[in-house]
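# Understanding the architecture of this molecule
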Amino acid sequence: MTEPRTFIAGDSISWSRTLHDYLPEDGWTLTYRLVSVGKSYVINTTANGSAHQVALTGADTAGWIDGEYSLVAWVQNGANRHTIDNWRVRIKPNPASADYDPRSHAEKMLEALRQLLQKKAGSGKQSITVDGQTVTFTTWDEMVQAEKHYTGKVKAQRRRERERRTGRKSNRVLARIR
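The sections below set out a description of the structure shown in this document. (Residues numbered from 1 in each chain as written. Predicted model: local features only at pLDDT ≥ 70, side-chain atom pairs only at ≥ 80, totals over all residues. Heavy atoms only, no water.)

## Looking at the sheet that holds strand β1 (residues 6-8)
Strand-to-strand pairing in sheets goes through backbone hydrogen bonds, with the strands running parallel or antiparallel. Defined as follows: What makes two strands pair is DSSP finding at least two bridges between them. Numbering goes from the N terminus for both helices and strands, where a helix is a DSSP run of H or I of at least four residues and a strand is a run of E of at least two. Axes, fitted as lines to C-alpha atoms, cover a helix only where it is in contact. Angles between the N-to-C directions of the axes lie from 0 to 180 degrees.
Across the sheet, which stays open at both edges, the 5 strands sit in the order β1-β8-β7-β3-β4 with mixed pairing between neighbours. Strand pairing shows two members of the sheet lacking a second neighbour, β1 and β4 (39-44), which therefore form its edges. Neighbour-to-neighbour, the strand axes of the sheet open up by a mean angle of 30 degrees, direction not taken into account. Across 7 bridges, strand β3 (residues 29-36) lies against strand β7 (residues 67-77) in antiparallel orientation. Counterpart to Tyr32 in the pairing with β7 is Ala73.

## Looking at the pairing of strand β2 (residues 13-17)
As a reminder of what qualifies: Here's how the labels work: a residue is buried when its accessible area is under 20% of the maximum for its type, exposed when over 50%, partly exposed in between, all with a 1.4 Å probe on protein chains only.
Judged by which residues are buried, β2 turns out to be one-sided: Ile13, Trp15 and Arg17 face inward and are buried, whereas Ser14 and Ser16, on the alternate face, are not. When β2 meets strand β6 (residues 51-56), the two strands line up antiparallel, connected through 5 bridges. Paired with Ile13 across the two strands is Leu56, which belongs to β6.

## Topic: the side chain of Glu107
Inclusion rule: Between N or O atoms, a polar contact is any pair within 3.5 Å; within protein, one atom must be a potential hydrogen donor and the other a potential acceptor, and residues adjacent in sequence are included only when both atoms are from side chains.
Checked against the element boundaries, Glu107 lands in helix α2 (residues 105-118). For Glu107, the side chain forms a polar contact with the main-chain nitrogen of Ser104, separated by 2.7 Å.

## Focus on the environment of Val72
Stated precisely, the cut-off is as follows: Residues are treated as being in contact if the distance between any of their heavy atoms lies within 4.5 Å.
With respect to the helices and strands, the residue Val72 is situated in strand β7. In this structure the C-alpha to C-alpha distance between Val72 and His105, which are 33 residues apart in sequence, comes to 27 Å. Each residue touching Val72, except ones within four places of it in the same chain, is listed here: Thr31, Tyr32, Arg33, Thr83, Asp85 and Asn86.

## Section: the nonpolar core
The cut-off we apply is this: Residue types Ala, Val, Leu, Ile, Met, Phe, Trp, Tyr and Cys, when buried and joined through side-chain atoms within 4.5 Å, form a set referred to as a nonpolar core.
Grouped together as the largest cluster of nonpolar side chains are 21 residues, with contacts concentrated most on Phe7, Tyr32, Leu34, Ile43, Trp64, Leu71 and Ile91. Among the elements of the structure, β2, β3, β4, β6, β7 and β8 (80-92) are those that each provide at least two residues to this core. Tallying contributions element by element places β7 first for this core, with 4 residues. Ignoring sequence-local partners within four residues, the contact set of Phe7 consists of Ile13, Trp15, Leu34, Trp64, Leu71, Val89, Arg90, Ile91 and Lys92.

## So, the pairing of strand β9 (residues 126-130)
Within a regular strand, the side chains alternate between the two sheet faces. The pairing of β9 with strand β10 (residues 133-137) spans 5 bridges and is classified as antiparallel. Each residue of the ladder has a partner; that of Ser127, found in β10, is Thr136. Between the end of β9 and the start of β10, which pair antiparallel, lie 2 residues, with Asp131 showing a positive phi angle near 50 degrees.

## A few points about the layout of surface pockets
The line we're drawing: Think of a 1 Å grid over just the protein atoms. A cavity is a set of points where a 1.4 Å probe fits yet cannot get out, a pocket is an open set with protein on both sides within 12 Å along at least five of seven lines, and lining residues have an atom within 4 Å of a point. Grid points are joined across faces, edges and corners, and a volume is the space filled by probe spheres set on the points. As a working rule, the residues Ala, Val, Leu, Ile, Met, Phe, Trp, Tyr, Cys and Pro are called nonpolar, Asp, Glu, Lys and Arg charged, and the rest polar, with Gly in that last group.
One number sums up the size of the largest pocket: a volume of about 890 Å³. The wall of the largest pocket is formed by 28 residues, among which Asp66, Arg90, Pro93, Asp101 and Arg103 lie closest to the centre. Residue assignment for the lining of the largest pocket shows that the elements contributing at least two residues are β8, α2 and α3 (140-166). Along the lines of polarity and charge, the residues of the lining of the largest pocket split into 9 nonpolar, 7 polar and 12 charged.

Worth remembering: the numbers are spatial, not functional.
Here it is, written out as structure tokens:
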């Protein structure tokens, strides 16, 4: 199995990787590091024959913070070290945590915008904060345009989810000609 491109915090994860030029029996160890701004997690491997094995428990990943990361892989044998891979991965939030919110960013923004619009904001600046990101609007029209934008994003997300779940494309138009 190859390295996953998506992790869910709190889930158990395992995979193995065989590197013919860097075998455990020759003294090589493979190490991974998940790196993002201000966050870093080390993933150690163990030897499993000629493969490097990763086995993380749910407790190991429970505290991981969701977001985009670089997964860097390197091998080391004494003073010899070689970076062998680096790619982007996504850590999804832990669904068992008390503060888990299953809504997408677009759904959170849409709800915040609708609440702001319901207050019938008058003149002056209005702002909302979602997922630590603050957006400031100076006019009513900006808020309405943003609400339309996020409504479209949420509809598209829900359509894709429905297509994945049912296996059918929902953009078909059915017509009867008599």
